[in-house]
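Spelled out, the chains give:
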Amino acid sequence: MKAVTPMNSNYKIETKCIQEGWKPENGEARVLPIFQSTTYKYESGEHLGKLFDLEADGHMYTRISNPTVACVEEKIASLEGGVGAMMLSSGQAASMSAVLNIANSGDNFVCSAAIYGGTTNLFAVTFKRLGIEVRFVTPGMTDDDIHALFDDRTRLVFGETIANPALDVFDIEHFAGIAHSHNVPLVIDNTFATPILCRPFEFGADIVVHSTTKYMDGHATVVGGVIVDGGKFDWEAAGKYPELCTPDESYHGVVYTKQFGAAAYITKARVQLLRDMGNSPQPMAAFLLNMGLETLALRMERHSDNALAVAKYLEAHPNVSWVNYPALESSSDYEKCKKYLGGRSCGVISFGVRGGRSAAMKFMNSLELASIVVHVADARTSVLHPASTTHRQLTDEQLVNAGIGADLVRLSVGIENVSDIIADIDNALSKVN
Ligand SMILES: *Cc1c(COP(=O)(O)O)cnc(C)c1O
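Criteria and thresholds
Residues numbered from 1 in each chain as written. Predicted model: local features only at pLDDT ≥ 70, side-chain atom pairs only at ≥ 80, totals over all residues. Heavy atoms only, no water. Helix = DSSP H or I, 4+ residues; strand = E, 2+ residues; numbered from the N terminus. Rg over C-alpha atoms; globule rule 2.2 N^0.38 Å. Buried < 20%, exposed > 50% of the residue type's maximum accessible area, 1.4 Å probe, protein only. Contact = heavy atoms within 4.5 Å. Areas by Shrake-Rupley, 256 points an atom, 1.4 Å probe, with all protein chains shown as cover. Lys, Arg positive; Asp, Glu negative; His and termini not counted. Charge placed at Lys NZ, Arg CZ, Asp CG, Glu CD. Near = heavy atom within 4 Å. Polar contact = N/O pair within 3.5 Å; in protein donor to acceptor, adjacent residues only side chain to side chain. Nonpolar A, V, L, I, M, F, W, Y, C, P; charged D, E, K, R; others polar. Expected span 1.5 Å × (residues − 1). Axes fitted to C-alpha atoms, helices over the stretch in contact; angles between N-to-C directions. Parallel < 35°, antiparallel > 145°, perpendicular 65-115°, else oblique. Left-handed = near helix turned anticlockwise from the far one by under 90°. Core = buried A, V, L, I, M, F, W, Y, C linked by side-chain atoms within 4.5 Å. Pairing = 2+ DSSP bridges.

Caption draft 1: Just the overall build of the protein chain, in detail. Scanning the protein chain from N- to C-terminus turns up 18 helices and 12 strands. For 433 residues, the compact-globule estimate of 2.2 N^0.38 gives 22 Å, and the C-alpha radius of gyration of the protein chain, at 22 Å, lies within 12% of that figure. Referenced to the eigenvectors of the C-alpha coordinate spread, the extents of the protein chain come out at roughly 75 × 55 × 35 Å. Across the 433 residues in the protein chain, those meeting the buried criterion constitute 56%. Residue pairs in contact within the protein chain that sit at least 24 positions apart in sequence constitute 72% of those at least 6 positions apart. Of the accessible surface of the protein chain, which amounts to about 17,600 Å², a share of 52% is contributed by carbon and sulfur atoms. Each charge sign in the protein chain was given a centre, from 36 positive and 50 negative side chains, and these centres are 3 Å apart.

Caption draft 2: The site of the ligand, seen in detail. Taken together, 15 residues form the shell around the ligand, and within it Asn-164, Asp-189, Ser-211, Thr-213 and Lys-214 come nearest. Note that an oxygen atom of the ligand is positioned 2.6 Å from one of the side-chain N or O atoms of Thr-213. Here the ligand has 380 Å² of accessible area as a free molecule, and 93% of this is covered by the chains. For the shell around the ligand, the class distribution of residues is 3 nonpolar, 9 polar and 3 charged.

Caption draft 3: Main features of helix 5 (residues 117-129). For helix 5, spanning 13 residues, the distance from its first C-alpha to its last is 18 Å, which sits close to the expected 18 Å at 1.5 Å a residue. For helix 5, the complete set of buried residues consists of Gly-117, Gly-118, Thr-119, Thr-120, Leu-122, Phe-123 and Phe-127. The first or second residue beyond helix 5 is Gly-131, which carries a positive phi of 85°.

Caption draft 4: Region of the structure containing the packing of helix 14 (residues 296-315) against helix 18 (residues 418-429). Following both chains from N to C, one finds helix 14 and helix 18 inclined at 30°, their axes separated by 10 Å at the closest point. If you check the angle between helix 14 and helix 18, you find them roughly parallel. Read as a crossing pair, helix 14 and helix 18 show a hand that is right-handed. Together, Asn-306, Ala-309, Val-310, Tyr-313 and Leu-314 of helix 14 and Val-418, Ile-421, Ile-422, Ile-425, Asp-426 and Leu-429 of helix 18 make up the contact between the two elements. Residues belonging to the contact of helix 14 with helix 18 are distributed by class as follows: 9 nonpolar, 1 polar and 1 charged.

Caption draft 5: Examining the nonpolar core more closely. Counting 124 residues, the largest nonpolar core has Leu-314 and Phe-363 as its most contacted members. With 8 residues, the top contributor of residues to this core is helix 14. In this structure Phe-363 touches Phe-351, Val-353, Val-383, Val-409, Ile-425, Ala-428, Leu-429 and Val-432, once residues within four positions along its chain are discounted.

Caption draft 6: The pairing of strand 6 (residues 207-211), seen in detail. Burial runs high along strand 6: 5 of the 5 residues are buried. Covered by surrounding structure in strand 6 are Ile-207, Val-209 and Ser-211 together with Val-208 and His-210, the residues of both alternating faces. As paired elements, strand 5 (residues 186-189) and strand 6 share 3 bridges and run parallel to each other. Bridge pairing in strand 6 places Asp-189 opposite Val-209. Here strand 6 runs beside strand 7 (residues 225-229); their pairing, made up of 5 bridges, is antiparallel. Of the residues in strand 7, the one forming a bridge with Ile-207 is Asp-229.

Caption draft 7: Structural detail: the side chain of Ser-65. Locating Ser-65 in the fold gives a position in the loop between helix 2 (45-52) and helix 3 (67-80). Exposure remark for Ser-65: the relative accessible area of 13% places this residue in the buried category. Separated by 2.7 Å, the side chains of Ser-65 and His-59 make a polar contact.

Caption draft 8: View of the sheet that holds strand 4 (residues 154-160). Read from one edge to the other, the open sheet built from 7 strands follows the order 1-7-6-5-4-2-3, with strand pairing classed as mixed. Bordering the open sheet on either side are strand 1 (84-88) and strand 3 (133-137), each of which pairs with just one other strand. On average, adjacent strands in this sheet sit at an angle of 20° to one another, irrespective of strand direction. Across 5 bridges, the pairing between strand 2 (residues 108-112) and strand 3 is parallel. In the strand pairing of strand 3, Ser-112 is matched with Val-137. Its contacts with the sheet place helix 7 (residues 172-181) against strand 3, strand 4 and strand 5, and it is angled at close to 150° to strand 5.

Below is the structure:
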């Protein structure tokens, strides 16, 4: 096995996208190889025993780790500025394990209501069945209301940098302060922003999750997720995480905070949850994701430029009743966009077609270049009506809390030439009235 070099580069993020992770030696493949192997060979039984006791570094079994996967984890940890990362089979698996790593039956956590619909289902329905309660922060709550959601069984706070599909920009620094005042970590889903637009650890977040299925892959080829550990949260001082600070009997009494220090959280997530639940990524998936990551910085730049131009065009169009894009000066989140995202946003725009639900459908059906897909956030321009598709399980109240109206069209602006994208939209809008 080829050990991954520790993250030590001071390269800029565009360079890291290309250069971090796989570091070949003399005569080795220049491109990250796919180690399509479930198993690894050892010179002695003693060495394997040490691996099982977490006393030696190395790969045991691909459910827990794999050299191809490890290189991509290394790259993503470096892009986010974390101490370690763990890939999973999907973004859903990442959100699930990020919470289950530190919350047990009887515990609860505080969560922004403006999050991805699949995450809402996971938290409000499936976690409830496991005895873990989500407490949503709904629009209009004061800080006092939010503080009142916490009790001594609250284990974390969860939010999305740019909410899918509401596009609210989460006030990371503010919520980090609230979370830390209750001795719990802030977990951020950074899927839409990517580390190119925002690195949540720089604003006090403790754990980052991604659906890598979106911009990180960027080509709509492979479903995946990742958890990144910022390494700064003091689990021992917080005094409420025995699973990290007391012996794990399934590893001969290992205490994660003692043995793994800053990487306690991410190590436990791997050696316990990935081992037991098995929602691991395939080496081939890691290879494809790595190809996407190599161009992430370049693609995000184009997504940002194209989407801002489209948003400005929509804002001026008489058949458009409203446009929501955080990088528009008219956006109520513009100040947060400047603070957290450098004044840019991703390719996703939401807007209302004048005439409501039926006009929105007519508009979608008239597009030619932009295709109707469930997926967002890849290289191709695409369009979706969330209220009748991705978010149809939500109640009307949950829809309002998630910031989604029945007239909302979600446009995922790709990296094609922007004049072709605008011409397509212009043609479709001319047909709605
Ligand atoms: C898509 C998405 C997820 C779920 O990821 P999958 O890879 O589809 O499982 C989670 N969070 C956000 C913000 C997403 O957009």
